[in-house]
Amino acid sequence: MIAEKIIGKLGKTEKTVDYVKIEWFERDKKILRKITSSGEEIGIRTESALNEGDILYEDENKIIAVEIAPCSLISVSVNSMQEMGRLCFELGNRHLSLSIGENTVKCPFDEPTFFYLGKLGFEVRKVYEKFDGYIECKAHTHTHGHSHHDE
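Caption draft 1: Structural detail: the pairing of strand E10 (residues 104-108). Of the pairings in the sheet, the one linking strand E8 (residues 70-77) to E10 comprises five bridges and is antiparallel in character. Note that in E10 the partner of Ser77 across the bridge is Thr104. When strand E9 (residues 99-100) meets E10, the two strands line up antiparallel, connected through two bridges. Across the sheet, residue Ile100 finds its bridge partner in E10, namely Val105. A loop of three residues connects E9 with E10, the two strands running antiparallel in sequence.

Caption draft 2: Just the sheet that holds strand E5 (residues 41-45), in detail. Read from one edge to the other, the open sheet built from three strands follows the order E1-E5-E4, with strand pairing classed as mixed. The two strands at the open ends of the sheet, each matched to only one other strand, are strand E1 (2-3) and strand E4 (31-35). As judged from the five bridges shared by E4 and E5, these two strands associate in the antiparallel manner. Considered in E5, the bridge of Arg33 is made with Gly43.

Caption draft 3: Structural detail: helix H2 (residues 111-119). Of all the residues in H2, the buried ones are Thr113, Phe114 and Leu117. The buried residues of H2 occupy an angular sector of 105 degrees when the element is viewed end-on, so they sit on one face. Across H2 from its buried face, at more than 90 degrees, point the exposed residues Pro112, Phe115 and Lys119. Contact partners of the buried residues in H2: E8, helix H1 (81-93) and strand E11 (123-130). A side-chain oxygen of the first residue of H2 lies 2.9 Å from the backbone nitrogen of Thr113; this N-cap is Asp110. Looking one or two places after H2, you find Gly121, whose phi comes out positive at around 100 degrees.

Caption draft 4: Spotlight on the packing of aromatic side chains. Using the criterion set out here, one finds four aromatic pairs in the structure. Look at Trp24 and Phe131: their rings are 5.0 Å apart centre to centre, the planes differ by 80 degrees, and that puts the pair in the edge-to-face class. Taken together, the residues Trp24 in the loop between strand E3 (16-22) and E4 and Phe131 in the segment after E11 connect sequence positions 107 residues apart. With a relative accessible area of 1%, Phe131 lands in the buried category. A connected cluster of aromatic rings, assembled from ring pairs, spans Trp24, Phe25 and Phe131.

Caption draft 5: Molecular detail of the confidence of the model for the chain. In the predicted model, the chain carries a mean pLDDT of 88, and 87% of its residues have values of at least 70. Across residues 139-143, confidence stays below pLDDT 50; counting only partners more than four residues off in sequence or on other chains, it has three contacts.

Caption draft 6: Structural detail: the pattern of salt bridges. All told, the structure shown has nine salt bridges when counted by the stated rule. Between Arg33 and Glu41 there is a salt bridge, and its shortest N-O distance comes to 2.4 Å. Under the relative-accessibility criterion, Glu41 is labelled partly exposed at 39%. A salt bridge links Lys106 to Glu129; the shortest N-O distance between them is 2.4 Å. Here the residue Lys106 occupies a position in strand E10, and Glu129 occupies one in strand E11, the gap between them amounting to 23 residues. With relative accessibility at 28%, the residue Glu129 sits in the partly exposed group. Among the charged side chains, a salt-bridge network with shared partners connects Glu52, Glu67 and Lys130.

Cut-offs used in this document
Residues numbered from 1 in each chain as written. Predicted model: local features only at pLDDT ≥ 70, side-chain atom pairs only at ≥ 80, totals over all residues. Heavy atoms only, no water. Pairing = 2+ DSSP bridges. Helix = DSSP H or I, 4+ residues; strand = E, 2+ residues; numbered from the N terminus. Buried < 20%, exposed > 50% of the residue type's maximum accessible area, 1.4 Å probe, protein only. Arc of directions from axis to C-beta. Contact = heavy atoms within 4.5 Å. Polar contact = N/O pair within 3.5 Å; in protein donor to acceptor, adjacent residues only side chain to side chain. Phe/Tyr/Trp six-rings, centres within 6.5 Å; stacked < 30°, edge-to-face > 60°. pLDDT = per-residue confidence, 0-100. Salt bridge = Lys/Arg side-chain N within 4 Å of Asp/Glu carboxyl O.

Shown next, in the form of structure tokens:
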């Protein structure tokens, strides 16, 4: 089966729901090949990013919907706008995708970042949960040095 578009959002239903689990970093991929929770192979070829609860297929008995797989994240508590700014600067400098909440910022877990943020004085915890609703940092070329031009 090939799903070429998102046809709705999962809500309450009497139909059987078969989930296709994807990793957070696969949300924006244009082509995916996956196995649903019931063992059915599905090809996904969509132009838009996939989100939790997106419906890829529906008939009179069954729905196939997207489920974002949980993963290890760094959760950082922030208590002020100054602390938020400092934290987002540090994470942005590492080109990490972020999920920003009211008093919490989350990013994918990696040990060096976890220890670095703790060393900077941030309150960090390792959590295992779904990473959705994040802001992706698209990598781009830039330098951190200064260039001097002769005129």
